[in-house]
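Here's the letter readout for the chains.
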Amino acid sequence: MQERQRFYTNAHGVDDNAVARIIQKAIDLENQLGNVSRIVFVAHGLQNDGWLERQYGRDGAKKLRTGARLPNSNVPAKFESLKTYRTTDNEILITLGLESDDILLLDDNYDINAIISLPWIQNSVDKWARITNATNIDDNVPATSFPDPPCVVIKALEDLTQSINMSTGLSHSSDDILAKTYLRTFVKYGVPLQEIEIE
């Protein structure tokens, strides 16, 4: 299986040129990868189709809800909401206005060949871009990764994941106590903790 490709743009808000660039990037990837089954646009809700309406008109945006081909594309395209989206093998996912935490959840799906993100709010996909080393399509430069946390934190988190039941999280009292003990120890000895580094 090939490695997932990830892209984003620094554009935000209503930027029809950025939408055209990410759609073209998806079509280029479709041709490059060769085994793409579909291109999927995902937004918070089905009412968030303004980007597509400005590109393809009202009727074109409506057709994308049930599936249609994009100009110069050989695979079906579909518009979904976070709630209705279900993955299929070998698809290209275009996120419209989603933020990093939502994209990270989608990024856990194995069936996605590529993710291209268009933010609504400036810097709202930075966390995802930095965690995954996504490439900015505006300048073709990968995002800078977050620095690793101190090695004592890495070791402690590895130990903690071996000690607790990961399927239930911290719902068991002994797991909760153990996790809190680690965190208190970090604080007591001045170990710097940045949520973004640990995540």
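Everything numeric here is computed off the predicted structure, so don't read it as measured data.

1. Observations concerning the pairing of strand E6 (residues 112–118)
Reasoning step 1: Within E6, seven of the seven residues are buried, which leaves the element mostly enclosed by the surrounding structure.
Reasoning step 2: Looking at chain direction, strand E1 (residues 5–8) and E6 are connected through four bridges and run parallel. What sits directly across from Gln-5, in E6, is Ala-114.
Reasoning step 3: Across six bridges, the pairing between strand E5 (residues 91–96) and E6 is parallel. Directly across from Thr-95, in E6, lies its bridge partner Ser-117.

2. Considerations on the pattern of salt bridges
Reasoning step 1: For the structure on display, the rule yields 11 salt bridges.
Reasoning step 2: The residue Glu-53 makes a salt bridge to Arg-58 at a minimum N-O spacing of 2.5 Å.
Reasoning step 3: Overall, the relative accessible area of 33% leaves Arg-58 in the partly exposed class.
Reasoning step 4: With its nearest N and O atoms 2.4 Å apart, the salt bridge here joins Lys-127 to Asp-101. Placement of the pair is Lys-127 in helix H4 (residues 126–132) and Asp-101 in helix H3 (residues 100–107), with a sequence separation of 26 residues.
Reasoning step 5: Residue classification places Lys-127 among the buried positions, given a relative accessible area of 16%.
Reasoning step 6: Judged by its relative accessible area of 44%, Asp-101 falls in the partly exposed class.
Reasoning step 7: Linked by salt bridges that have partners in common, Asp-49, Glu-53, Arg-58 and Arg-65 make up one network.

3. Observations concerning the pairing of E1
Reasoning step 1: Relative to strand E7 (residues 135–136), E1 runs parallel, the two sharing two bridges. Across the sheet, the residue bridging to Phe-7 is Thr-135, located in E7.

4. Quick notes on helix H1 (residues 16–33)
Reasoning step 1: Taking 1.5 Å of rise per residue, the 18 residues of H1 would be expected to cover 26 Å, and the 26 Å separating its terminal C-alpha atoms lies within 8% of that figure.
Reasoning step 2: Inspection of H1 places Ala-18, Val-19, Ile-22, Ile-23, Ala-26, Ile-27, Leu-29, Glu-30 and Leu-33 among the buried residues, and these make up the whole buried set.
Reasoning step 3: Close packing links the buried residues of H1 with E1, strand E2 (38–43), helix H2 (50–66), E5 and E6.
Reasoning step 4: Residue Asp-15 occupies the N-cap position of H1, its side-chain oxygen lying 3.2 Å from the main-chain nitrogen of Asn-17.
Reasoning step 5: Just downstream of H1, Gly-34 is the residue with a positive phi angle, here 80°.

Analysis parameters
- Residues numbered from 1 in each chain as written.
- Predicted model: local features only at pLDDT ≥ 70, side-chain atom pairs only at ≥ 80, totals over all residues.
- Heavy atoms only, no water.
- Buried < 20%, exposed > 50% of the residue type's maximum accessible area, 1.4 Å probe, protein only.
- Helix = DSSP H or I, 4+ residues; strand = E, 2+ residues; numbered from the N terminus.
- Pairing = 2+ DSSP bridges.
- Salt bridge = Lys/Arg side-chain N within 4 Å of Asp/Glu carboxyl O.
- Expected span 1.5 Å × (residues − 1).
- Contact = heavy atoms within 4.5 Å.
- Polar contact = N/O pair within 3.5 Å; in protein donor to acceptor, adjacent residues only side chain to side chain.

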